[in-house]
Amino acid sequence: MTIVDVDHRQRLLQEAMDEYGNYLVKVCYTYVRNWQTAEDLAQDSFIKYYRALPKFRNESSVKTYLFRIAVNVCHDYLASWKYKKVIISNSFQKLLHTEKTTEQLVLKQTEEEMLVQAIERLSPKYKDIIVLFHFIDMSLEEVSMTLKLPVNTVKTRLRRARQMIGLSLQEEGETYGPNT
């Protein structure tokens, strides 16, 4: 690799970080619900992007390519023992330090929290589409390219994900959608 190649790659990385850094952190946050971890995962995504630049064939936009990397990094993290250990530890701490009744905790939850929980319960194939379309504001075509799925599959999964979220919220006693 020549010095020119390294300089060019560093410039591309800097441009990508400037342009998509905040979005990447938001994408990661929707998966891990912790800003510090999201920032770490976004940084890992940029490192993978930098290393993969020589293989990048411009078949998709840089944005799409970066978000696909970030989604994969988040999936890897969520499947890791480190993450599972943190979740178990946090759950155990909550059980030890909670003084409120279950009824009080349920009453305290807002519609937004219930919506987030409904989204988090989705399987990754539906959650990815909801996150990319609604929270990252990608078009259906961009979601299609990012997830390497046909646009019609994206539309179908988006519709099914919305239905599952609606059913989940109805089970919780809330309604979600145009009637609210």
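Computed from a predicted model, the values in this text were never measured in an experiment.

Engineer: Go over the overall build of the chain, please, and point to the residues and values.
Structural biologist: Each helix and strand counted, the chain has nine helices and zero strands in total. Reading the chain from its N end, one meets helices and strands in the order α-α-α-α-α-α-α-α-α. A separation threshold of at least 6 residues defines the contact pool for the chain, and within that pool the share at least 24 residues apart is 65%. As presented, the chain carries roughly 12000 Å² of accessible surface, and 52% of it is formed by carbon and sulfur atoms.

Engineer: Could you give an account of unusual backbone geometry, naming the residues involved and the relevant values?
Structural biologist: The phi angle at Arg33 is positive, at roughly 55°, despite the residue not being glycine. Structurally, Arg33 is set in the loop between helix H1 (3–32) and helix H2 (35–52). Using a relative accessible area of 36% as the deciding quantity, one classes Arg33 as partly exposed.

Engineer: Describe helix H9 (residues 151–171), with residues and values.
Structural biologist: Helix length check: H9 (21 residues) gives 30 Å between terminal C-alpha atoms against 30 Å at 1.5 Å per residue, within 8%. Those residues of H9 lying buried are Val154, Leu158, Ala161, Ile165, Gly166, Ser168 and Leu169. Angularly, the buried residues of H9 cover 165° about the axis, an arc narrow enough to put them on a single face. Residues of H9 that are exposed and point more than 90 degrees away from the buried face comprise Asn152, Leu167, Gln170 and Glu171.

Engineer: Can you lay out the environment of Gly21 for me, pointing to particular residues and giving the numbers?
Structural biologist: In this structure, Gly21 sits in helix H1. C-alpha separation for the pair Gly21 and Phe46, spaced 25 residues apart in sequence, amounts to 8.7 Å. Every residue in contact with Gly21, bar those within four places of it in the chain, is listed here: Ala16 and Phe46.

Engineer: Quick rundown of the packing of aromatic side chains? Include the residues and the values.
Structural biologist: All chains considered together, the criterion is met by three aromatic pairs. Geometrically, the ring pair formed by Tyr49 and Tyr65 is edge-to-face, given 6.2 Å between the ring centres and 65° between the ring planes. With Tyr49 in helix H2 and Tyr65 in helix H3 (residues 62–79), this pair connects stretches of sequence that are 16 residues apart. Each ring, one from Phe56 and one from Tyr65, has its centre 4.4 Å from the other, and the planes form 35°; the classification is tilted. Here a set of aromatic residues connected by ring pairs shows up, and it is made of Tyr49, Phe56 and Tyr65. A cation sits over an aromatic face here: Arg9 above Tyr50, 4.2 Å from the ring centre.

Definitions and limits used
- Residues numbered from 1 in each chain as written.
- Predicted model: local features only at pLDDT ≥ 70, side-chain atom pairs only at ≥ 80, totals over all residues.
- Heavy atoms only, no water.
- Helix = DSSP H or I, 4+ residues; strand = E, 2+ residues; numbered from the N terminus.
- Contact = heavy atoms within 4.5 Å.
- Areas by Shrake-Rupley, 256 points an atom, 1.4 Å probe, with all protein chains shown as cover.
- Buried < 20%, exposed > 50% of the residue type's maximum accessible area, 1.4 Å probe, protein only.
- Expected span 1.5 Å × (residues − 1).
- Arc of directions from axis to C-beta.
- Phe/Tyr/Trp six-rings, centres within 6.5 Å; stacked < 30°, edge-to-face > 60°.
- Lys NZ or Arg CZ within 6 Å of the ring centre and 35° of its normal.

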